[in-house]
Amino acid sequence: MSSFNQAYSSGDYQVALEAVSFESAEGEAVDSEGHLLELLHQGELYRLTGRYNEAAEAFDLAEEGMKYLDTEGTVETAAEGFMAIMVNDSERDYEALMSEAVLVNTYKGLAFLAAGNNEYARVEFHRANDRTRRAVEYFQKEIAEQQAALEEEAKDEESSASMVSNSLDNEALHAAIADNYGEPSSWSVFPEFIVPASTYLHGLYFLANATSSGDFENAATSLKRVSEMNADSMVLKADAELADGLASGSQSLAELGPQVWVVYENGLGPVLEESRFDIPLLLFHGNQQAPAYFGIALPKYAERSAVPGSLGIAVDSSEVVKTEQIADMGTVIRTEMKERFPGVLARAVASAVIKAVMQNEASEQFGLVGQLGAAALTMATTQADLRGWQAMPDHWQAARLNRPESGSLTLLDHQGGVLGTVDIPERPFTLVYVKRPTALSPATVITMDLRGESEATIARLPKATESTQVSSIQ
């Protein structure tokens, strides 16, 4: 990931791709669960370099590796092995967040749209919306099944599961969490799970591709939902009103004129850092339960950098329209982490209890040598799982404008410098999708027909000169 991030941040997508590549034995299927994290990164790198079919294939495999998010019983199976945690979460195959899964479908939808495959794009935007709808139910089911498994195993009052259950109910443990880690209830989160950028793009897609009043209503529902999440955004408010007008019939497409949306995916998304501290565990000594302090490691999200300011869009009249922020990834991640935190904490406490019991038994059987050996093993294996999809952005911005009469617009960077000119073909709805991880990297600009009737054009702006040229996959 260090090699990936260094190359990705500078816009060297070829080196970034090499950092997340892997080999599969000839004739064997790809281990999509074992290589899920690499596949997520590969898919986005392919999309950003115009290799849309390869992007879709990588995202298809990634989605295959995330079947546990959709298949009943897999969470229950994981819960049944709850007390078998001997090391830490990072020893398991990577398990994607629901927000990552929603973005997979969104990015796949964009890849198909760019390839001119409107039929498949429609399917993916539907899937992204459906995952969002089912997310809350999934979180509730995950927590309920894990709790049920723990309660079943805790019936033996002197079992490890009983010690875990009692420790999790201990007020002193939650006080230690609040003091050292922060209280999840105080996190800045959405009132419900949503990936606003995905819901926004779902709304734009169905607004542009509506064949019935139902499609317009779908668009209006999505755009109003995003607007309600960010009531200060004039862009979101205007798009929600447009969709509502089209759905009600008070606005006609004929009167609207050709529209251009510029969506700007900016910066580097949140990453996980480790927070280590001691917590009180309730352990059995003989026939009595007594508190003992042991260390745990929990993952905590930290913000990374974004390109300052907004994207300027200069049109025929010399007027400059600026994008405005519509959603950030940090709030999405914290919203999901708040839902998942009880499970993360329970696994960390279970691991600590098992290692504490192991240390005690090693001390009793092998004396000081056993105690020191078990303590060393505990220290080495008490780690938080810090893996995550590093290609997600810090935030999204957007703007909408009428198609320029000249058929082109000029993109300006955050300092007002010219990034380059983008041609806007004459069609009803155009999406100019811009992604820029850092100010050191070029902006990838994909100009798409929102109706998917033609292939997209792609450019890296500003265009590299011979002296500043970076390697490219193309």
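Summary of the structure given here. Computed from a predicted model, the values in this text were never measured in an experiment.

A word on the overall build of the protein chain. What the protein chain contains, in helices and strands, is 14 helices and 12 strands. Sequence separation of 24 or more characterises 73% of the internal contacts of the protein chain that already satisfy a separation of 6 or more.

Moving on to helix α12 (residues 234-248). The end-to-end C-alpha separation of α12 is 21 Å, in line with the 21 Å expected for 15 residues at 1.5 Å each. Residues of α12 that are buried make contact with α10 (196-208), α11 (213-229), α13 (253-256), β1 (259-266), β6 (324-328) and β7 (395-402). For α12, the side-chain oxygen to backbone nitrogen distance between the N-cap and Leu 236 is 3.1 Å, and the N-cap itself is Ser 233. After α12 finishes, the residue Gly 249 shows a positive phi value of roughly 90°.

This part covers the packing of aromatic side chains. For the coordinates displayed, the defined rule picks out 12 aromatic pairs. Seen from their ring centres, Tyr 107 and Trp 389 are 5.8 Å apart, and the 85° between their planes marks the pair as edge-to-face. In this pair, Tyr 107 is assigned in helix α6 (residues 98-114) and Trp 389 in the loop between α14 (329-381) and β7, connecting sequence segments 282 residues apart. Just as Tyr 107 is buried, Trp 389 falls in that class too. With a centroid separation of 5.2 Å and an interplanar angle of 85°, the aromatic rings of Phe 112 and Tyr 120 are classed as edge-to-face. According to the relative accessible area criterion, Phe 112 is buried, its value standing at 10%. Residue Tyr 120 is classed as partly exposed on the basis of its relative accessible area of 43%.

This part covers unusual backbone geometry. With an omega of -5°, the peptide bond running from Leu 461 to Pro 462 counts as cis. Mapped onto the elements of the fold, Pro 462 is located in the segment after β12 (457-461).

Enumeration over the complete set of coordinates arrives at 21 salt bridges. Notably, a salt bridge pairs Arg 276 with Glu 274, separated by 3.5 Å at the nearest N-O pair. With a relative accessible area of 34%, Glu 274 lands in the partly exposed category. A single network of salt bridges, built from pairs that share partners, joins Asp 60, Glu 63, Lys 108, Glu 124, Arg 127 and Arg 131.

Conventions and cut-offs
Each residue is numbered by its place in its chain's sequence as written, counting from 1. The predicted origin of the model limits local features to residues at a pLDDT of at least 70 and limits the giving and counting of side-chain atom pairs to 80 or more, whereas totals for whole chains, interfaces and linings rest on all residues. Only hydrogens and water are set aside; all other atoms, that is, all heavy atoms of the structure, feed into the side-chain values. We count a stretch as a helix when DSSP gives it H or I for four or more residues in a row; a strand needs E for two or more, and each element gets its number in order from the N terminus. Two residues qualify as a contact provided that any one of their heavy atoms is within 4.5 Å of a heavy atom in the partner residue. Between the first and last residue of a helix there are one fewer steps than residues, each counted as 1.5 Å, and that sum is the expected span. Here a polar contact means two N or O atoms within 3.5 Å. Within protein one must be a hydrogen donor candidate and the other an acceptor candidate, and residues neighboring in sequence count only if both atoms are side-chain atoms. Two rings belonging to Phe, Tyr or Trp (six-membered ring only in the last case) form a pair when the distance between their centres is within 6.5 Å. Interplanar angles under 30 degrees mark stacking, angles over 60 mark edge-to-face geometry, and anything in between is tilted. For every residue, the accessible area obtained with a 1.4 Å probe (protein chains only) is divided by the maximum for its type, and the residue is called buried under 20%, exposed over 50%, and partly exposed between those limits. One side-chain nitrogen of Lys or Arg within 4 Å of one carboxyl oxygen of Asp or Glu is enough to make a salt bridge.

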